[in-house]
Amino acid sequence: VQLQASGGGLVQAGGSLRLSCATSGRTFSSYAMGWFRQAPGKEREFVAAISRGAISTNYADSVKGRFTISRDNAKNAVYLQTNSLKPEDTAVYYCAANPARYGAVVSDQYQYSYWGQGTLVTVSS
């Protein structure tokens, strides 16, 4: 599975961005998907995850109520709608794929098998 994230950019605090992750292959629906981010000088951290059939989602506490993860299995894509952005959301955002069982959401980055190249989100104050 090849992943390509896009949609990052420069936005003012309080603004929104929609991140997209396009995938190759015909088995996208077999993967749980996740978004992670890495800020300068910090370790990569979990942001959001969605199960194979979009039955379940999970979010980091820092983004709950502001970010929404979704997927479109027909388009082989996963999205992250980011609202009410804060300067501390500035990071490179990565999408990842995990061949998890149906309905499972995975927040542990070490369980993810495939990663995209990342897209930079910069939030100015």
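Our structure is the block above this text.
Residues numbered from 1 in each chain as written. Predicted model: local features only at pLDDT ≥ 70, side-chain atom pairs only at ≥ 80, totals over all residues. Heavy atoms only, no water.

Points about the nonpolar core
Defined as follows: Here, nonpolar core means buried Ala, Val, Leu, Ile, Met, Phe, Trp, Tyr and Cys residues that are tied together by side-chain atoms lying within 4.5 Å of each other. In this scheme, a residue with accessible area under 20% of its type's maximum is buried, one over 50% is exposed, and one in between is partly exposed, where area comes from a 1.4 Å probe on protein chains only. Secondary structure elements follow DSSP: runs of H or I no shorter than four residues count as helices, runs of E no shorter than two count as strands, and numbering proceeds from the N terminus. Pairs of residues are marked as contacts when any of their non-hydrogen atoms sit within 4.5 Å.
Membership of the largest hydrophobic core comes to 37 residues, with the highest contact counts inside it found for Met33, Trp35, Val47, Ile69, Val78, Leu80 and Tyr93. Residue assignment for this core shows that the elements contributing at least two residues are strand E1 (3-6), strand E3 (17-23), strand E4 (32-38), strand E5 (45-50), strand E7 (67-72), strand E8 (77-82), strand E9 (91-98) and strand E11 (119-124). Among residues more than four places away in sequence, those in contact with Ile69 are Met33, Trp35, Ala48, Ala49, Ile50, Thr57, Tyr59, Val78, Tyr79 and Leu80.

Some points on unusual backbone geometry
Here the phi dihedral of Ala54 falls at roughly 60 degrees; this positive angle occurs in a residue that is not glycine. Tracing the chain through its elements places Ala54 in the loop between E5 and strand E6 (57-59). Relative accessible area serves as the criterion here: at 39%, Ala54 is assigned to the partly exposed category. Although it is not a glycine, Ser84 sits at a positive phi angle of roughly 50 degrees. The topology assignment puts Ser84 in the loop between E8 and E9.

As for the state of the cysteines
Every disulfide links exactly two cysteines, by a covalent bond between their sulfur atoms. Selection criterion: Any two cysteine sulfur atoms within 2.5 Å of one another count as a disulfide.
For the coordinates displayed, the defined rule picks out one disulfide. The disulfide partner of Cys21 is Cys95, and the S-S distance across this bridge is 2.1 Å. Taking the sign of the torsion about the S-S bond as the criterion, the disulfide between Cys21 and Cys95, at about 60 degrees, is right-handed. With Cys21 in strand E3 and Cys95 in strand E9, this residue pair connects regions lying 74 residues apart in the sequence. Judged by relative accessible area, Cys21 falls into the buried class, the value being 1%.

Quick word on the sheet that holds E3
Just so we agree on the cut-off: DSSP bridges decide pairing: two strands pair if at least two such bridges lie between them. Every angle, taken between N-to-C directions, lies between 0 and 180 degrees, and every axis is a line fitted to C-alpha atoms, over only the stretch in contact when it is a helix.
Pairing in this open sheet of four strands is antiparallel, and the strands run E1-E3-E8-E7 from one edge to the other. A single partner strand is all that each edge strand has here, and the edge strands are E1 and E7. For this sheet, the mean angle separating the axes of adjacent strands, direction not counted, is 15 degrees. Direction of pairing for E7 relative to E8: antiparallel, over a ladder of six bridges. Within E8, the position partnered with Thr68 by the bridge is Gln81.

Here's the deal with the pattern of salt bridges
Keep this limit in mind: Any Lys or Arg side-chain nitrogen located within 4 Å of an Asp or Glu carboxyl oxygen qualifies as a salt bridge.
According to the stated counting rule, one finds four salt bridges in the structure shown. Here Asp89 ties to Arg37 by a salt bridge, and the two come within 2.9 Å at their closest N and O atoms. Of the two residues, Asp89 sits in the loop between E8 and E9 while Arg37 sits in strand E4, which places them 52 residues apart along the sequence. Residues Asp89 and Arg37 agree in their burial class; the two are buried.

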